[in-house]
Amino acid sequence: MDTLLDLLNSRPLVNGEEQDALGDPAGGRRWAREHGGEGSLAELALLRETRDILRDILRGDRPPAALSPLLEGVHQTPEITSDGLQWTLKTPPHTRLAVEVVLAWAATEKHMPGRLRPCANDECQLFLLDRSRANRARWCSMAVCGNRQKARRHYERTR
């Protein structure tokens, strides 16, 4: 789940300028390797595509069916181990990390529906996973986006 959120948030706005952790090959390789990938150029291209599709889905701009091409030829095989039932992912090496992210998204939607969403700050491009009991979190960071939004609303009310 951490990799899912890290991928979604790998294109933040910093001082009004978009930064892309997967944009340059060296940084992208480092990001992929830190998240269990191989860091190949093919893997980076697929991760960028996966990120963009998932961001669009979470914003309501595309249907979940847009992920279908990413899952073509992917299989999970069950294995009984000493720890119990374990599923092994069968996919080409350069697609494994992107497929794992899609599976993490599907599991999040199934077990925590509606809790993975964009930050409510229109000037922010980040996403949050709301783990609160009330399911009312709105901002990726209360200290940054939440504080800015609340200060802006207060200023508008007192003007």
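Just so it is clear, the structure is predicted and the values come from calculations on it, not from any experiment.

Trainee: What should I look at first to understand the overall build of the chain in this one?
Mentor: Secondary structure summary: the chain contains 5 helices and 6 strands in total. Listed N to C, the secondary structure of the chain is α-β-β-α-α-β-β-α-β-β-α in terms of helices and strands. The dimensions of the chain, computed from C-alpha atoms along their principal axes, are 65 × 35 × 30 Å. Across the 159 residues that make up the chain, the buried fraction comes to 35%. For the chain, the share of sequence-separated contacts (at least 6 apart) that also reach a separation of at least 24 residues comes to 45%. One finds the centroid of the 24 positive side-chain charges in the chain at a distance of 8 Å from the centroid of its 22 negative side-chain charges.

Trainee: Even after reading the chapter, I still don't get the pattern of salt bridges, so can you show me in this structure?
Mentor: Side-chain pairing between opposite charges can occur once the charged atoms of the two side chains come close. One pass over the full model with this rule turns up 8 salt bridges. Glu100 is the partner of Arg96 in a salt bridge, and the nearest nitrogen-oxygen pair spans 2.9 Å. With Arg96 and Glu100 both in helix α4 (residues 96-111) and 4 residues apart, this pair spans about one turn of that helix. Residue Arg96 is classed as partly exposed on the basis of its relative accessible area of 27%. Look at the salt bridges and you will find they share partners, linking Arg11, Glu18, Asp20, Arg51 and Asp52 into a network.

Trainee: Would you take a moment to explain the environment of Glu38 for this structure?
Mentor: Take Glu38: it is sitting in the loop between α2 (25-34) and α3 (41-59). For Glu38, a relative accessible area of 34% gives the class partly exposed. Taking the C-alpha atoms as reference points, Glu38 and Trp139, 101 residues apart in sequence, are found 32 Å from one another. Excluding residues that lie within four positions of it along the chain, Glu38 makes contacts with Arg33, Glu43, Pro93 and His94.

Trainee: Could you clarify how one ought to interpret the packing of α3 against α4 in this entry?
Mentor: For any two helices packed against each other, the geometry is given by the interaxial angle and the distance between the axes. Look at α3 against α4: their axes get within 9 Å of each other, and the N-to-C directions meet at 20 degrees. Judged on the interaxial angle alone, α4 and α3 are roughly parallel. As α3 packs across α4, the resulting crossing turns out to be right-handed. Here α3 contributes Glu43, Leu46, Leu47, Thr50, Leu54, Ile57 and Leu58 to the contact with α4, which in turn contributes Leu97, Ala98, Val101, Val102, Trp105 and Glu109. Of the residues in the contact of α3 with α4, the class split is 10 nonpolar, 1 polar and 2 charged.

Definitions and limits used
Residues numbered from 1 in each chain as written. Predicted model: local features only at pLDDT ≥ 70, side-chain atom pairs only at ≥ 80, totals over all residues. Heavy atoms only, no water. Helix = DSSP H or I, 4+ residues; strand = E, 2+ residues; numbered from the N terminus. Buried < 20%, exposed > 50% of the residue type's maximum accessible area, 1.4 Å probe, protein only. Contact = heavy atoms within 4.5 Å. Lys, Arg positive; Asp, Glu negative; His and termini not counted. Charge placed at Lys NZ, Arg CZ, Asp CG, Glu CD. Salt bridge = Lys/Arg side-chain N within 4 Å of Asp/Glu carboxyl O. Axes fitted to C-alpha atoms, helices over the stretch in contact; angles between N-to-C directions. Parallel < 35°, antiparallel > 145°, perpendicular 65-115°, else oblique. Left-handed = near helix turned anticlockwise from the far one by under 90°. Nonpolar A, V, L, I, M, F, W, Y, C, P; charged D, E, K, R; others polar.

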